[in-house]
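Summary of the model geometry
Residues per chain are reported as follows:
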Amino acid sequence: TIPPLEPDNALAHNTTPQSVKTIVSKLFPNLFSSFEIKGKRFKNRLFLPAHGTGYAESGGVGDQGFAYYEARVRRGIGLLITEGSQVVALAGQKYP
């Protein structure tokens with residue numbers, strides 16, 4: 001049987017990242033397997049959609065934003081979509 005994934009339960013039993021991965025793998029057996037979409041290979045099915053972090057600097061990703069995204073990639077995200085940013089700064093527009 002698979003224990004419930006409740007925050008209190010996880011903390012009370014000192015759940016480790018590996019034990020959570022084991023539980024999730026039982027619930028979703030293909031989640032951590034690689035696959036391909038139109039010739040692009042992904043190492044797993046963990047996708048992080050675009051969302052605002054508030055770490056943009058002068059319209060771009062910046063050091064803090066880069067560190068944020070890098071940490072997620074190092075933890076194994078299969079696809080990461082960054083938040084909106086400007087490629088070229090436009091006069092009069094700000095993207096904090």
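Figured I'd write up the structure that's included with this text. (Residues numbered from 1 in each chain as written. Predicted model: local features only at pLDDT ≥ 70, side-chain atom pairs only at ≥ 80, totals over all residues. Heavy atoms only, no water.)

Remarks on the environment of F47
The cut-off we apply is this: Comment: elements are numbered from the N terminus, with helices defined as DSSP H or I runs of at least four residues and strands as E runs of at least two. Working rule for contacts: check all heavy atoms of both residues, and any pair within 4.5 Å makes them a contact.
Relative to the assigned elements, F47 resides in strand β3 (residues 47-48). Placed 29 residues apart in sequence, F47 and G76 show a C-alpha to C-alpha distance of 9.7 Å. Beyond its immediate stretch of four places on either side in the chain, F47 contacts F35, F42 and L79.

Quick word on the packing of aromatic side chains
The following threshold applies: For this analysis, a ring pair means two rings from Phe, Tyr or Trp (six-membered ring only for Trp) whose centres lie within 6.5 Å, classed as stacked if their planes differ by under 30 degrees, edge-to-face if by over 60, and tilted for the remaining angles. Buried, partly exposed and exposed residues are distinguished by accessible area as a fraction of the type maximum, computed with a 1.4 Å probe on protein chains only: under 20%, between the cut-offs, and over 50%, respectively.
Counted according to the given criterion, the structure contains 5 aromatic pairs. Seen from their ring centres, F42 and F47 are 5.2 Å apart, and the 45° between their planes marks the pair as tilted. Classification of F42 as buried rests on a relative accessible area of 9%. Centre to centre, the rings of Y68 and Y69 are 5.3 Å apart; their planes meet at 75°, and the pair counts as edge-to-face. Taking relative accessible area as the criterion, Y68 reaches 17% and is therefore assigned buried. Residue classification places Y69 among the buried residues on the basis of a relative accessible area of 7%. Taken together, the ring pairs in this structure connect F35, F42 and F47 into an aromatic cluster.

Observations concerning the pattern of salt bridges
As a reminder of what qualifies: One side-chain nitrogen of Lys or Arg within 4 Å of one carboxyl oxygen of Asp or Glu is enough to make a salt bridge.
Across all of its chains, the model carries 1 salt bridge by this definition. Note that E70 and R74 form a salt bridge whose closest N and O atoms lie 3.0 Å from each other. Taken as a pair, E70 and R74 lie in helix α3 (residues 62-74) at a separation of 4 residues, close to a single helical turn. Take E70: its relative accessible area is 31%, and that puts it in the partly exposed class.

Some details on the side chain of E83
Cut-off, in case you're wondering: Positive charges come from Lys and Arg alone, negative charges from Asp and Glu alone, with His and the N- and C-terminal ends not counted. Counted as a polar contact is a pair of N or O atoms within 3.5 Å, where, for protein atoms, one must be capable of donating a hydrogen and the other of accepting one, and residues adjacent in sequence contribute only when both atoms are in side chains.
Mapped onto the elements, E83 comes out in the segment after β4 (79-80). Despite its burial, E83 remains without a salt bridge, the nearest opposite charge being carried by R72 at 10 Å. A polar contact of 2.3 Å, which involves the side chain of E83, links it to the side chain of T53.

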